Amino acid sequence: MNRKAEIRHLLSLSPEQIKAHAGKHLVVLPNIDQLHRRMADDIADEIKAHQDGNPLRLILPVGPTGQYPYLVERIVEEQLSLAGCWFYFMDEYCDEAGNAIPASHPLSFRGIAHDLFLGQLPESCNLRSERVIFPDENTVDSLSQTINAQGGIDTCYGGIGIHGHVAFNEPEAGISQLPTRKVRLNDFTVTINAIRANVGGNIENFPRYAFTLGLKDILDARRIRLYCRNGIALDWANTILRLALLGEPGDDYPVTHIRDKDYVIVTDEDTLRSPTHFL
């Protein structure tokens, strides 16, 4: 496989050609707000279909996050019960020693999830705190087993990183078989996350380690629903969208391993557009 040549070919395709090749695996919406609303509706609809109290096991991201206010709105307005829900969040930053950053840290995924979602839910929805799980130093060694003991994941909801990471599963040999673990983030991830995090380009003090749900746990989910968007003025996600949909599977872009799964990628017109410059 010549990945450079493949990318040149994929970027040369028009949005209409990408849609035709991707078929049912691609949903294109007019803008990012519609993408966030669609993601909220996808999650809410699945919760609504499980109001009988039977377990519903979902992987949820902190990135994208724009869906959470809409999701809270639906849960409240429709008085949805979360009594049967298990929410496994994808990842959390930690220090080199393996201590998760505190929820008070501005980059904490736990803190962001609380502010935008968990902390906005009424007690009447009956979400059990022990069923909201983040990978950290207390859960990392047992989380894969916990997921399996609960019957596996029904649906994984998430985004896609600049070079194909889902959660923090970055390129690594045998990535599709790796479990939940502590990882060291590479320079690509740190740079794009720092650009998006309003930290003034402070890559020196940006977290370099994280806990992440293993790609094996994600790929074992019954359904995978990914939401790929630039979200900022930079067109950083246009290439990975096309690779995720049509690129040859390989460990160098981990998201390509979803190809034989039940997956759908939702994007917006901006992220689907062809780049201004071809290299």
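Just above sits the structure.
Residues numbered from 1 in each chain as written. Predicted model: local features only at pLDDT ≥ 70, side-chain atom pairs only at ≥ 80, totals over all residues. Heavy atoms only, no water.

### Some details on the packing of helix α1 (residues 3–12) against helix α9 (residues 238–246)
If you want to describe how two helices pack, look at the angle between their axes and the distance between the axes. The condition is simple: Each axis is a line fitted through C-alpha atoms, taken for helices only over the stretch in contact, and angles between the N-to-C directions span 0 to 180 degrees. In this text, helices come from DSSP runs of H or I with a minimum length of four residues, and strands from runs of E with a minimum of two, each type numbered from the N-terminal end. Angle categories: roughly parallel below 35 degrees, roughly antiparallel above 145, roughly perpendicular from 65 to 115, and oblique for all the rest. Every residue pair with non-hydrogen atoms within 4.5 Å of one another is taken to be in contact. Think of it as three bins: nonpolar holds Ala, Val, Leu, Ile, Met, Phe, Trp, Tyr, Cys and Pro, charged holds Asp, Glu, Lys and Arg, and polar takes everything else, Gly as well.
With their axes 10 Å apart at the nearest point, α1 and α9 run at an angle of 105° to one another. The angle between α1 and α9 falls in the class roughly perpendicular. Within the contact between the two elements, α1 uses R3, E6, I7, L10 and L11 and α9 uses T239, R242, L243 and L246. Broken down by class, the residue content of the contact of α1 with α9 amounts to five nonpolar, one polar and three charged.

### Focus on the nonpolar core
Among soluble globular proteins, nonpolar side chains are generally buried collectively. Put simply, the rule reads: Throughout this description, the term nonpolar core refers to a set of buried Ala, Val, Leu, Ile, Met, Phe, Trp, Tyr and Cys residues connected via side-chain atoms within 4.5 Å. Burial classification: accessible surface area is computed with a 1.4 Å probe over protein chains only, and a residue below 20% of its type maximum counts as buried, one above 50% as exposed, and the rest as partly exposed.
By size, the foremost hydrophobic cluster in this structure holds 44 residues, and its most contacted members are L60, F87, F89, Y93 and F117. For this core, the secondary structure elements donating two or more residues are β1 (26–29), α3 (32–48), β2 (56–60), α4 (68–77), β3 (85–89), α5 (109–116), α7 (187–196) and β10 (263–268). Among the elements that take part in this core, α3 stands out by supplying six residues, more than any other. Discounting chain neighbours no more than four positions away, the residues touching F117 are L60, Y68, L71, V72, I75, F87 and F89. Counting residues in each nonpolar core, the second largest holds 43 residues, with I59, L143, I224 and C228 among its members.

### A look at the environment of H21
Relative to the elements of secondary structure, H21 occurs in helix α2 (residues 15–22). Since its relative accessible area comes to 55%, H21 is described here as exposed. Sequence separation between H21 and L246 is 225 residues; the distance between their C-alpha atoms is 7.7 Å.

### Focus on the sheet that holds strand β8 (residues 209–212)
Defined as follows: Following DSSP output, two strands are said to pair if at least two bridges run between them.
Across the sheet, three strands lie side by side as β4-β8-β7; this open sheet has antiparallel pairing. In this open sheet, the two strands that pair with only one neighbour each are β4 (91–94) and β7 (181–184). Within the sheet, the average angular offset between the axes of one strand and its neighbour, ignoring direction, is 30°. Where β7 meets β8, four bridges bridge the pair, whose relative direction is antiparallel.

### Examining the layout of surface pockets
Selection criterion: Here the term cavity refers to a set of points on a 1 Å grid, laid over the protein atoms alone, in which a 1.4 Å probe fits but cannot get out; the term pocket refers to an open set having protein on both sides within 12 Å along at least five of seven lines, with lining residues being those that place an atom within 4 Å of a point. Grid points are joined across faces, edges and corners, and a volume is the space filled by probe spheres set on the points.
Computed from the structure, the largest pocket encloses a volume of approximately 780 Å³. Lining the largest pocket are 33 residues, with V62, G63, N193, R196 and R229 sitting closest to its centre. Residue contributions to the lining of the largest pocket peak at three residues, all from α7. In this model, the second largest pocket occupies a volume close to 440 Å³. Forming the walls of the second largest pocket are 17 residues, and the residues nearest its centre are I7, L11, T239, H277 and L279. Counting residues per element, the lining of the second largest pocket draws most heavily on α1, which supplies five residues. The residue inventory of the lining of the second largest pocket, partitioned by class, reads 10 nonpolar, three polar and four charged.

### Thoughts on the sheet that holds strand β5 (residues 132–133)
Sheet architecture is open: seven strands sit in the order β1-β10-β9-β6-β2-β3-β5, paired in parallel fashion. Both edges of this open sheet fall to β1 and β5, since each of them pairs with a single strand only. The sheet contact formed by β2 and β3 spans five bridges and is parallel. Its bridge partner lying in β3, L60 is registered against F89.

### Points about a nonpolar patch on the surface
Stated formally: Patches draw on residues past 30% relative accessible area with no salt bridge. Two like charges within 9 Å are joined, as are two nonpolar side chains (Val, Leu, Ile, Met, Phe, Trp, Tyr) within 5 Å. Note that accessible areas follow from Shrake-Rupley with a 1.4 Å probe, and for residues the cover is restricted to the protein chains shown. We define a salt bridge as a side-chain nitrogen of Lys or Arg found within 4 Å of a carboxyl oxygen belonging to Asp or Glu.
A cluster of nonpolar side chains, contributed by I195, I232 and L234, occupies part of the molecular surface with about 240 Å² of accessible area. On the secondary structure map, I232 appears in the loop between β9 (223–228) and α9. A relative accessible area of 30% places I232 in the partly exposed class.

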